[in-house]
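Inside the fold
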Amino acid sequence: MTQLQLKDLGLTGTLPPSLNSLSSLQHIALQGNSFHGPLPSFNGLSNLISAYLGGQKFTSIPADFFHGLTSLTTLSLENNPLAGPGPGWTWTFPEPDIASLGSLTTLILTNTSLSGPIPVSLGSLTGLEDLRLAYNRLSGPIPGSFRNLSRLSRLELNNQVATSSSGPLSGPIDVVASMPSLKTLWLQVNAFSGRIPAGLG
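Structural notes, computed from the coordinates. (Residues numbered from 1 in each chain as written. Predicted model: local features only at pLDDT ≥ 70, side-chain atom pairs only at ≥ 80, totals over all residues. Heavy atoms only, no water.)

A look at the pattern of salt bridges
According to the stated counting rule, one finds three salt bridges in the structure shown. Notably, a salt bridge pairs Asp130 with Arg132, separated by 2.8 Å at the nearest N-O pair. One exposure class covers both Asp130 and Arg132, and it is buried. Between Glu156 and Arg154 there is a salt bridge, with its nearest N and O atoms 2.6 Å apart. Overall, the relative accessible area of 5% leaves Glu156 in the buried class. Judged by relative accessible area, which is 26%, Arg154 ranks as partly exposed. (Salt bridge = Lys/Arg side-chain N within 4 Å of Asp/Glu carboxyl O. Buried < 20%, exposed > 50% of the residue type's maximum accessible area, 1.4 Å probe, protein only.)

Here's what the structure looks like:
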């Protein structure tokens, strides 16, 4: 099987934990459904090119979800609670696995309970064109490695929620002025400081 196209079928239920045994899978689309429960690991889906998993009710994401997805170009996971076993639970970027996603062009993780710093390794994904991480619990600065994202046209980091253990994103935004392809930039509702770089003009 190379495609699992289930868009707009009004389906409910959970995904089987053995999903990653479909080693030839290239495309999966679940939009327009109400799947819930834990996301199964995608570890082993080395042929997967696109995964549209947004707008569901998935409650958690396994630590090895991103492992070995070397062909992945598009991951859309927005608007999933991924809230784990209870209030206050979050998940963080698995940085070593993120660095291996060299084919990635689109990463949409808006409103997925993502926390922690933005990993430096995201800046090594030089093919990225669309990066959306808004409405999460991210903290710390925009990595300087983002200067390498010369093809990035859309960057959304807005509306990070401050928690008792960490604030929203902070520090200068100078790095965004070195992204020549940038067309959409959303940084509102954070704690950035310093000057607005002249290069944005």
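Having seen the structure, we can now continue with the description.
Section: the sheet that holds strand β6 (residues 57–60)
Spatial strand order, β2-β4-β6: three strands in an open sheet with parallel pairing. Among the strands making up the open sheet, the edge pair consists of β2 (12–13) and β6. As paired elements, β2 and strand β4 (residues 34–38) share two bridges and run parallel to each other. Across the sheet, the residue bridging to Thr12 is Ser34, located in β4. (Pairing = 2+ DSSP bridges. Helix = DSSP H or I, 4+ residues; strand = E, 2+ residues; numbered from the N terminus.)

Observations regarding the sheet that holds strand β7 (residues 74–76)
Neighbouring strands of a sheet are bound in pairs by backbone hydrogen bonds; such pairs are parallel or else antiparallel. Across the sheet, eight strands lie side by side as β1-β3-β5-β7-β9-β11-β13-β15; this open sheet has parallel pairing. Where the open sheet ends on each side, the last strands, each with one partner, are β1 (3–5) and β15 (184–186). Across the sheet, the mean angle separating the axes of adjacent strands is 10 degrees when strand polarity is ignored. Relative to β7, strand β5 (residues 50–52) runs parallel, the two sharing three bridges. Within β7, the position partnered with Ala51 by the bridge is Leu75. (Axes fitted to C-alpha atoms, helices over the stretch in contact; angles between N-to-C directions.)

Points about the side chain of Asp97
Along the chain, the position of Asp97 falls in helix α1 (residues 95–98). In this structure, Asp97 is in contact with Ala63, Asp64, Phe66 and His67, ignoring residues within four places of it in sequence. (Contact = heavy atoms within 4.5 Å.)

Details of the packing of aromatic side chains
As enumerated under the stated definition, the model contains four aromatic pairs in all. Between Phe65 and Phe66, the ring centres sit 5.2 Å apart and the planes meet at 80 degrees, which makes this aromatic pair edge-to-face. Each member of the pair Phe65 and Phe66 is classed as buried. For the pair Trp91 and Phe93, a centre-to-centre distance of 6.5 Å together with 55 degrees between the ring planes defines the contact as tilted. Exposure class is identical for Trp91 and Phe93. Each is buried. Of the aromatic side chains, those joined through ring pairs into one cluster are Phe42, Phe65, Phe66, Trp91 and Phe93. Lying over the aromatic face of Trp186, Arg154 brings its terminal NZ or CZ to 5.9 Å of the ring centre. (Phe/Tyr/Trp six-rings, centres within 6.5 Å; stacked < 30°, edge-to-face > 60°. Lys NZ or Arg CZ within 6 Å of the ring centre and 35° of its normal.)

What about the side chain of Asn158?
Along the chain, the position of Asn158 falls in the loop between β13 (154–156) and β14 (170–171). When near neighbours in sequence (up to four residues on either side) are disregarded, Asn158 contacts Ala134, Tyr135, Trp186, Leu187, Gln188 and Asn190.

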